[in-house]
Amino acid sequence: MTPDPAPPSLRVSELAYAYPDGTQALFGVDLSIARGERVALLGPNGAGKTTLVMHLNGILTAGHGTVEVAGLPVRRDTLAEIRRRVGLVFQDPDDQLFMPTVREDVAFGPANLGLRGEELDRRVRAALDRVGLPDVIDRPPHHLSFGQRRRVAVATVLAMEPEILVLDEPSSNLDPAARRELAEILRSLDVTVLMVTHDLPYALELCDRSLVLSGGVIAADGPTRDILSDADLLAAHRLELPFGFSVPAGRS
Amino acid sequence: MGGGHHHRLFRHGDTAVHRLPPQCKLVAVAAFAVVVVATPREAFWAFAVHAALLAAVAAAARVPAGFVLRRMAVEVPFVLFAVALPVIGLGERVQVLGLSLSVAGLWAAWNILAKATLGVVASILLAATTEPRMLLLGAQRLRLPSLLVQIAMFMLRYMDVILDEARRMRVARESRGFAARDLRQAPVLARSAGALFIRSYERGERVHLAMLSRGYTGEMPVIHDLRATARDWRTAAVLPAAALAAAALSWSLL
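Here is what the cut-offs are and how they apply
Residues numbered from 1 in each chain as written. Chains lettered and ligands numbered in written order. Predicted model: local features only at pLDDT ≥ 70, side-chain atom pairs only at ≥ 80, totals over all residues. Pairing = 2+ DSSP bridges. Helix = DSSP H or I, 4+ residues; strand = E, 2+ residues; numbered from the N terminus. Expected span 1.5 Å × (residues − 1). Buried ≥ 20, exposed ≤ 12 C-beta atoms within 10 Å, placed from the backbone. Arc of directions from axis to C-beta. Contact = placed C-beta atoms within 7 Å. Nonpolar A, V, L, I, M, F, W, Y, C, P; charged D, E, K, R; others polar. Axes fitted to C-alpha atoms, helices over the stretch in contact; angles between N-to-C directions.

Student: Break down the sheet that holds strand E2 (residues 24-33) of chain A for me, citing the residues and quoting the values.
Tutor: Strand order in the open sheet formed by four strands is E2-E1-E4-E5 (chain A), with antiparallel pairing between adjacent strands. Edge strands, defined here as strands with exactly one partner in the open sheet, are E2 and strand E5 (72-73) of chain A.

Student: An account of unusual backbone geometry is requested, with residue identities and associated values reported.
Tutor: Not every positive phi belongs to a glycine, and Glu161 of chain A is a case in point at roughly 50 degrees. If you trace the backbone, Glu161 of chain A turns up in the loop between helix H6 (146-158) and strand E7 (164-168).

Student: Can you break down helix H5 (residues 76-88) of chain B residue by residue, with the values?
Tutor: Structural remark: α-helix, 3.6 residues per turn; residues separated by three or four positions point the same way. Residues and elements named next belong to chain B. For H5, which comprises 13 residues, the first-to-last C-alpha distance of 19 Å matches the rise-based estimate of 18 Å (1.5 Å per residue) to within 8%. Considered for burial, the residues of H5 that qualify are Ala82, Leu85 and Pro86. One side of H5 carries all its buried residues, which in axial view fall inside an arc of 85 degrees. Within H5, the exposed residues directed more than 90 degrees away from the buried face are Val76, Pro77, Leu80, Val83, Ala84, Val87 and Ile88.

Student: An account of the interface of chain B and chain A is requested, with residue identities and associated values reported.
Tutor: The interface of chain B with chain A comprises 23 residues on the first partner and 28 residues on the second. Counting residues per element, the ones that place at least two in the side of chain B that touches chain A are helix H8 (146-175) and helix H9 (186-213) of chain B. Per element, the largest residue contribution to the side of chain B that touches chain A is eight residues, and it comes from H9 of chain B. Looking at the side of chain B that touches chain A residue by residue, the class counts come to twelve nonpolar, five polar and six charged.

Student: Outline the sheet that holds strand E3 (residues 38-42) of chain A, listing residues and values.
Tutor: Residue and element names in this part refer to chain A. Reading across from one edge, E6-E7-E8-E3-E9-E10 is the order of the six strands in this open sheet, with mixed pairing throughout. Looking at which strands have only one partner, the edges of the open sheet turn out to be strand E6 (86-89) and strand E10 (217-223). Within this sheet the neighbouring strands show an average axis-to-axis angle of 20 degrees, counted without direction. In this structure, E3 lies alongside strand E8 (residues 192-197), joined through five bridges in parallel fashion. Bridged to Leu42 within E8 is Thr197.

This is the structure we're talking about:
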C-alpha cells in the first residue's frame, strides 16, 4: 500500500481539557481520520463527546495537545480557515437555523467567507440540492418538518465546502423515514464524516469504523461491526444495542 | 405552500407601496412622524391634510380601512390617558355635555390623540406593506446599530420557538393538575417564566456557537441587494414632503 500523500482530514493528539470549574473532561485523546472516511464516535452521555467536538473547530481550545484539520493546526490565528474546514451540525436544528429564511441561513456561512452575488447563489442551491431540498429555499425554517430542518442544517454546513462534516447525534428525534433519508444523504456525500452518536445501529449502517470515547479517552478504535459484536466492550462503556437488535451477519 | 407569511400585521400585495425598498419607507414614516409632531395643535386643517395623505397611501397600497382600524388597538392606553386629561386638568374650565372640563386638558388630549393616531396609522401602513424581515434588512441598510437589528432579527426567528416551549410547559403544568385560578398560583407561573428565560438564554448560547462555527465575526453579512434608486427615494418622499408643506403653511399662519 502506498502512503496517502494528503494529510488526514482530522488528527487529534494527546488532547486534554478541563473546564474552568476544574472538571476534567478529556484525558489525552488520540485519533486520526483519513480523507473520505465515515467514522462514528460512540460513547455514553457524559463521556466527553460534546467537549471533543467543541475542540474540533476551536470553540474550546486545547488545554494540552493538538488538533489538526487537513494538516492545519487549530490555533487562534487559523480559526477562520478551521471553521470553514470543519462543518459542525448541531443536535437541535433550531439552534443551527437562525436566519429568517432557508436561503439566508444556507448563505450565512459562505457569505462570511466573502462570497456574494452569483457565486453565493450557486453555492446555496448546490448545498440544498445535495440534501434533496431545493424547493424549500424561500421558506422560513420553522415551517419545515423536523427532518427537513435537520437536512437544511446539513446544507448550511455543506455550503462552506468543508473538509470534514461533524454531526452531533444526527438521528435524534427523527422518525424512521427521516432517519433513512438522512442516511441516504450522508452516504451520497463525498466528504469526510465524523458522526457523534449513541445510536449504535445508525453507526453500523453508515460507518465502517467506530471510536469509543469513554471517561475522556478513546477506549476502542476499530471496525464498527467488531465493536458492536463485543458485548463486554459495550457493557464496559455503558453502550447497549437496542432490544432485539443483533449485528447482521456479512456485509450490509 | 407559499409559506411563512402569517404575521398578522403584514398584508400581501403587489402595489407601488409594497414594492418600495424598505429603507425608503422607514425613512418616510419617521420623517412623517416628526412633521406630524411639529404641527401646531391649533391647525386642525393641517391634521386633516395629514390624515388625507395617509388615506391616500392606504388606498395606493390597497389596505382596507377595517384592517387598519382593528390594528389600532395598540393605541388604547394612550386614549385612556388622553381621556383622563380634560377631567384632571387644571386651569380654565368649560361645560361640555354637563361635565366641567379643563380647557388646557382638552387641548392636551386632542394633541396627544391626533398625533399618536397619525403616527400609529403610518406605522400600521408601513407594517402592512413591508414584511418584518424586510423591515429589518432596511434598518440594517440604514446603518442602524447592528446589534439592535440582530437582536430584532433573532426575536423574529425565535418567537415561535419560544412560544412553543411556553406552550409545552403549560401543557406539562396542566397535565399534573395545575390550574391558575387566582393570585396564589402566581409563584408557579413565575417559576415557569424563570425556567423559560433560562431555556431561552441557553438556546441563545447554542445559537451563538452555531454562528461562530460558520464564521460569524460580529456582523451579519449583507446578502440582499436592496439598493434604492433615486426614483424610489423621490416616491417615498412624497408623503413626508406633502405633510411638511401643510405643516409649514400652518406655522406661517400662526
